[in-house]
Amino acid sequence: MQNVGGEGDDQPAHGDAIVYGTIGDASTLIPMLASDSSSSEYANDIFDGLLEYDKTLSTLEPRLAEKWDVEDGGLKLTFHLRHDVKWTDGQPFTARDVEFGFNLIRDPATLTAYAEDYKQAKSLEVLDDWTFRVVYEKPFAPALASWGSMVVLPRHLLEGKNINNNIEFAQHPVGLGPYRFENWQRNTRFSVRSNPGYYRGWPWVEQIVYRIIPDQATQFLELQAGGIDSMTLTPLQFTRQTSTPVFARDFRKYRFVSNAYTYMGYNLDDPRFADVRVRRAFSMAVNKQEIVDAVLFGLGKPCEGPYRPGTIWTNDKLPPYPFDPGKARALLAEAGWTDSDGDGILDKDGKPFAFTILTNQGNETRLKTATIIQKRLRDIGVDVKVRVLEWSAFINDFIDKRRFEVIVLGWGLSLDPDQFDIWDSEKTGYKQFNFIDYKNKEVDDLLEKGRRTFDEAERKRIYDRFQEILYDEQPYTFLYVPEATPIVAARFHGIEAAPAGISWNFPFWYVPKGQQKYVITE
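Just so you know, these numbers come straight off a predicted model, no measurement behind them.

Engineer: What am I meant to see in the sheet that holds strand 7 (residues 121-128) here?
Structural biologist: As a general point, the strands of a sheet are linked pairwise by backbone hydrogen bonds and lie either parallel or antiparallel. Taken in spatial order, the four strands make up an open sheet running 5-6-8-7, and their pairing is antiparallel. On the outer flanks of this sheet lie strand 5 (65-71) and strand 7, each paired with one strand and no other. Pairwise comparison of adjacent strand axes, ignoring direction, gives a mean angle of 15° for this sheet. Where strand 6 (residues 76-81) lies against strand 8 (residues 131-136), five bridges are found, and the strand directions are antiparallel. Residue Thr 78 lies in a different strand from strand 8, and its bridge partner there is Arg 133.

What follows is the structure in structure tokens.
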């Protein structure tokens, strides 16, 4: 990759590279085994689903499937695949690859957290090389959209092999998406090259490079120095450090409500946090608006549950959880936590109330959030430490192994309200998403009912009640929904901000020939 420069017209042209700054490296490039955002981001460049929501997030559009039929009240889906798709090793993509992926993700031996949607299907039948039919025994509301997440894998390369231990494919995958794998230097750099045979058209930008820089301040210095072209700005960087004529000339900033929320989660296997009075007390001790104002600089909203405020699935009848330190102290006293020795720290049975909040390295916003929570809990007599961990160690050694007391972390949101994978009592196993070990029979029943009806009004009633229970029990202290704040070098054209964000049309971004910065060589 060599620097070039100069001016020219604004017509689309192949070439150049975009260099992203990212805080964490991926754990695997096999999508169904990945549970972290970096892995998903890399894999999205290399693989594709059968369908995808459009930029308005309101309609499903064809991808690997050119069309589909919905019959028998949603119990039967027939997908018609494109005939012109090939894996990047030249082999044709067929319905047998979908069947292989479907069977693989449902296999109990596969270490995946994404099997649940596909286990709902009664059968998958391949009708010919480009047609397959899925039959459901019971209504399953997320069924059609779930096939957008069903990332297929090449049967000709993986059949008969142990997917969990297939290091070669996990580090050098063959896909069929807009980009093809190029190079991966662990914890340093990952790159892909454009796929000239991509069925939606050869992407204009020739190369994508991810530089792993686990600190947003350092990323910002790299952005200013020209070492990276795009990053997610911190609220401080977005509001105060990029409002100069130089940034206005060289970069474009974007701001939109993200499909994600940040929370403080409790390990419910710990007897201290199994007591609902303690969790309610902590939620009352935290001033969410203070966090939004001081940490996000107003670029976000407090939230009371696992849905984005303002969307149809949010229970608007739930009032903001009260910020009431006095009542928080009273609840802790009721739970047996008092300052018996006058040292300013609550204690019970001779043990001080002390614990550590874990969060991930490189996310300045989460660290500042945890620090404010630390102060607020200290105000009610709880001794809190904050520990920052490198991303992959945080997930693999602490979350997956339940080695935490309290965490500050975030979830991305799907457009369907189904929350089965995160809150159902069955999803508490290794590598599953209910890692706080939350169990509630009524929630389990509601989650099941919510998936079994296509009636939107009925689903709304079900998920409203689901949110009432979470609000009452506070297994998480739901904190806020942040705004996404990406910045991209101004030489990139074709970017269109939409409810889906800015990356929904990345294969169609381009840099005019005269403005290209890098010459990409083999």
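Engineer: Would you mind showing me how to read the packing of helix 11 (residues 276-285) against helix 13 (residues 325-334) here?
Structural biologist: Relative orientation of the contacting elements helix 11 and helix 13 amounts to 165°, with a least axis distance of 8 Å. Classified by the angle their axes make, helix 11 and helix 13 are roughly antiparallel. When the axes of helix 11 and helix 13 are compared, the crossing they make is left-handed. Between helix 11 and helix 13, the contacting residues are Arg 277, Val 278, Arg 280, Ala 281, Phe 282, Met 284 and Ala 285 on the first element and Pro 325, Lys 327, Ala 328, Leu 331, Leu 332 and Glu 334 on the second. A per-class count over the contact of helix 11 with helix 13 returns nine nonpolar, no polar and four charged.

Engineer: What is the right way to look at the confidence of the model for the protein chain in this model?
Structural biologist: Detailed reading of the predicted coordinates is not advisable wherever pLDDT is low. When pLDDT is averaged along the protein chain, the result is 94, and 98% of the positions lie at 70 or above. Confidence drops under a pLDDT of 50 for residues 2-7, and excluding neighbours within four residues, the segment shows 15 contacts in the predicted structure.

Engineer: Mind showing me how you'd approach helix 1 (residues 37-46) here?
Structural biologist: Since the α-helix packs 3.6 residues into each turn, any two residues three or four apart lie on the same face. Of all the residues in helix 1, the buried ones are Ser 38, Ser 39, Tyr 42, Ala 43, Asp 45 and Ile 46. The arc enclosing the buried residues of helix 1, seen along the axis, measures out at 150°, which places them on a common side. Exposed positions of helix 1 whose direction lies more than 90 degrees from the buried face are Ser 37 and Asn 44.

Engineer: How should I be thinking about the nonpolar core in this particular structure?
Structural biologist: One broad rule of soluble globular proteins: the nonpolar side chains tend to lie buried together. Of all hydrophobic cores here, the largest spans 85 residues; its most connected members are Leu 50, Phe 79, Phe 93, Phe 132, Trp 147 and Leu 153. Per-element tally for this core: the top contributor is helix 2 (residues 95-106), with six residues. Look past the residues within four positions of Leu 153 in its chain and what remains in contact with it is Ile 30, Pro 31, Met 32, Phe 47, Trp 87, Asp 97, Phe 100, Leu 104, Leu 158, Ile 163 and Phe 169. Core analysis: the next-biggest nonpolar cluster, separate from the first, contains 73 residues, Tyr 261, Ile 357, Val 408 and Val 481 among them.

Engineer: In this structure, what is going on with the pattern of salt bridges? I would like to understand it.
Structural biologist: By the definition in use, this model includes 39 salt bridges. One salt bridge in this structure joins Asp 275 and Arg 277, with 2.9 Å as the shortest N-O distance. Taken together, the shared-partner salt bridges in this structure form one network comprising Glu 116, Asp 117, Asp 418, Lys 427 and Arg 451.

Engineer: What is the right way to look at the pairing of strand 20 (residues 383-389) in this model?
Structural biologist: Within a regular strand, side chains alternate between the sheet's two faces. Where strand 19 (residues 354-360) and strand 20 come together, seven bridges link them in parallel fashion. Each bridged residue has a counterpart across the sheet, and for Asn 360 the counterpart in strand 20 is Leu 389.

Engineer: Sorry if this is basic, but what is going on with unusual backbone geometry here?
Structural biologist: What you tend to see is this: most non-glycine residues have negative phi, and most peptide bonds are trans. Located in the positive-phi region is Leu 57, a residue other than glycine, with phi close to 60°. Judged by relative accessible area, Leu 57 falls into the partly exposed class, the value being 22%. The phi dihedral of Lys 431 falls on the positive side, at around 70°, and the residue is not glycine. When you line up the elements, Lys 431 lands in the loop between helix 16 (420-423) and helix 17 (441-451).

Engineer: Just to check I follow, could you spell out the packing of aromatic side chains for this structure?
Structural biologist: Centre-to-centre distance and the angle between the planes together describe a pair of aromatic rings. Taken as a whole, this structure holds 45 aromatic pairs when the rule is applied. A ring pair is formed by Phe 79 and Phe 132, whose centres lie 5.1 Å apart and whose planes are at 20°; its orientation type is stacked. With Phe 79 in strand 6 and Phe 132 in strand 8, this residue pair connects regions lying 53 residues apart in the sequence. In this structure Phe 79 comes out as buried when scored by relative accessible area, which is 0%. The exposure class assigned to Phe 132 is buried, which follows from its relative accessible area of 0%.

Engineer: Can you help me understand helix 2 in this one?
Structural biologist: The end-to-end C-alpha distance of helix 2, which contains twelve residues, comes to 17 Å, matching closely the 16 Å that a straight helix rising 1.5 Å per residue would cover. Along helix 2, the residues that are buried comprise Ala 95, Asp 97, Val 98, Phe 100, Gly 101, Phe 102, Leu 104 and Ile 105. Its side-chain oxygen placed 3.1 Å from the backbone nitrogen of Arg 96, Thr 94 serves as the N-cap of helix 2.

Engineer: It is not clear to me how the side chain of Thr 242 should be interpreted in this structure. Could you clarify?
Structural biologist: Tracing the backbone shows Thr 242 in the loop between helix 8 (235-241) and helix 9 (245-250). Of the residues examined, Thr 242 reaches a relative accessible area of 4% and is grouped as buried. Within the structure, the side chain of Thr 242 is placed 2.8 Å from the backbone oxygen of Gln 237, a separation counted as a polar contact. Polar contacts involving the side chain of Thr 242 include one to the side chain of Lys 253, which spans 3.0 Å. If we ignore the near neighbours within four places in the chain, the residues touching Thr 242 are Phe 220, Leu 233, Gln 237, Phe 247, Lys 253 and Ile 487.

Engineer: Which parts of the structure should I look at to understand the pairing of strand 21 (residues 406-412)?
Structural biologist: The buried count for strand 21 comes to five of seven residues, which makes it a mostly enclosed element. By the bridge criterion, two bridges tie strand 19 to strand 21 in an arrangement that is parallel. From the neighbouring strand, Ile 357 faces strand 21, where its bridge partner is Val 406.

Engineer: Looking at this structure, how should I read the packing of helix 17 against helix 18 (residues 456-473)?
Structural biologist: How two helices sit against one another is set out by the angle between their axes and by the gap between those axes. Interhelical geometry of helix 17 versus helix 18 gives an angle of 160° and a closest axis separation of 9 Å. With respect to helix 18, the axis of helix 17 lies roughly antiparallel. The chirality of how helix 17 crosses helix 18 is left-handed. Of the residues in helix 18, those touching helix 17 at Glu 442, Val 443, Leu 446, Leu 447, Lys 449, Gly 450 and Arg 451 are Arg 459, Ile 462, Tyr 463, Arg 465, Phe 466 and Ile 469. The class makeup of the residues in the contact of helix 17 with helix 18 is seven nonpolar, one polar and five charged.

Cut-offs applied
- Residues numbered from 1 in each chain as written.
- Predicted model: local features only at pLDDT ≥ 70, side-chain atom pairs only at ≥ 80, totals over all residues.
- Heavy atoms only, no water.
- Pairing = 2+ DSSP bridges.
- Helix = DSSP H or I, 4+ residues; strand = E, 2+ residues; numbered from the N terminus.
- Axes fitted to C-alpha atoms, helices over the stretch in contact; angles between N-to-C directions.
- Parallel < 35°, antiparallel > 145°, perpendicular 65-115°, else oblique.
- Left-handed = near helix turned anticlockwise from the far one by under 90°.
- Contact = heavy atoms within 4.5 Å.
- Nonpolar A, V, L, I, M, F, W, Y, C, P; charged D, E, K, R; others polar.
- pLDDT = per-residue confidence, 0-100.
- Buried < 20%, exposed > 50% of the residue type's maximum accessible area, 1.4 Å probe, protein only.
- Arc of directions from axis to C-beta.
- Core = buried A, V, L, I, M, F, W, Y, C linked by side-chain atoms within 4.5 Å.
- Salt bridge = Lys/Arg side-chain N within 4 Å of Asp/Glu carboxyl O.
- Phe/Tyr/Trp six-rings, centres within 6.5 Å; stacked < 30°, edge-to-face > 60°.
- Expected span 1.5 Å × (residues − 1).
- Polar contact = N/O pair within 3.5 Å; in protein donor to acceptor, adjacent residues only side chain to side chain.

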